[in-house]
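# Examining the three-dimensional arrangement
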Amino acid sequence: AANGGGGSQGYAGKGQLTSLNLSQNHLGSYGVGALVAGNGNDNGTPPSFPFNLAANRRLRTLRLDGVRAGVVGAEKFSRALAGNVALTAVSFASNGIRNLGAAAFAGALRANTTLRSLDLAFNDFDAASGGAALVAALSTEPGAGRDRLALNLHVDLKGNDGCETLIPPHLA
């Protein structure tokens, strides 16, 4: 089994990873970049982790809670998530992604139509910027890929200031 910080079991069939939990492993933005791009660097060295999230067709669930991704990690992850067609559940809680990271996730939500659950709790973004970007991403015209009501978006009302006034009216 694949064990991350939370000890998720992840192998199915012929050794294909379908669920991965790396929560609380303090990967930082560099580690998140390595996870999503295969190596996370731009210097032409061979990949240290042979995995590319955008191209992966097997992984269904990914938990990266508290990996200290920050804004840069959120941006890297979001770019890969936008092109992924397999993931149905992502948890990226407690990573300090702030407004810029929430906006990056909003861009990924516009492009990704397979994701059904996204946890962005306790990420220090506010309603006026990060929350508004997420709401706008979910408020697209009918017939635009995914039924936007099918996404379970978890945005805590304590760790993301003001979202209690913005999110529920648009998602109710």
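Quick summary incoming for the structure in this document. (Residues numbered from 1 in each chain as written. Predicted model: local features only at pLDDT ≥ 70, side-chain atom pairs only at ≥ 80, totals over all residues. Heavy atoms only, no water.)

### Details of the packing of helix α3 (residues 98-111) against helix α4 (residues 127-138)
α4 packs onto α3 with a crossing angle of 5° between their chain directions and a minimal axis gap of 8 Å. By the angle between their axes, α3 is roughly parallel relative to α4. Of the residues in α4, those touching α3 at N99, A102, A103, F105, A106, L109 and R110 are S129, G130, A133, L134, A136, A137 and L138. Partitioned by chemical class, the residues of the contact of α3 with α4 number 10 nonpolar, 3 polar and 1 charged. (Axes fitted to C-alpha atoms, helices over the stretch in contact; angles between N-to-C directions. Helix = DSSP H or I, 4+ residues; strand = E, 2+ residues; numbered from the N terminus. Parallel < 35°, antiparallel > 145°, perpendicular 65-115°, else oblique. Contact = heavy atoms within 4.5 Å. Nonpolar A, V, L, I, M, F, W, Y, C, P; charged D, E, K, R; others polar.)

### Section: the nonpolar core
Core analysis: the largest hydrophobic core is formed by 32 residues, its most contacted members being L62, F77, F92 and F105. Top contributing element to this core by residue count: α3, with 5 residues. Dropping the residues within four chain positions of it, L62 is found in contact with L20, L35, L53, F77, L87, A89, V90 and S91. (Core = buried A, V, L, I, M, F, W, Y, C linked by side-chain atoms within 4.5 Å. Buried < 20%, exposed > 50% of the residue type's maximum accessible area, 1.4 Å probe, protein only.)

### A closer look at the environment of A55
Mapped onto the elements, A55 comes out in the loop between α1 (28-37) and β4 (61-63). Taking C-alpha positions, A55 is 9.2 Å from A37, a pair spaced 18 residues apart along the chain.

### Side note on the pattern of salt bridges
Inspection of every chain in the model, using the stated rule, returns 1 salt bridge. In this structure, R63 engages D65 in a salt bridge whose closest nitrogen and oxygen atoms are separated by 2.4 Å. For D65, a relative accessible area of 8% puts it in the buried group. (Salt bridge = Lys/Arg side-chain N within 4 Å of Asp/Glu carboxyl O.)

Note that every value here comes from positions in space, so none of it alone points to a role or purpose.
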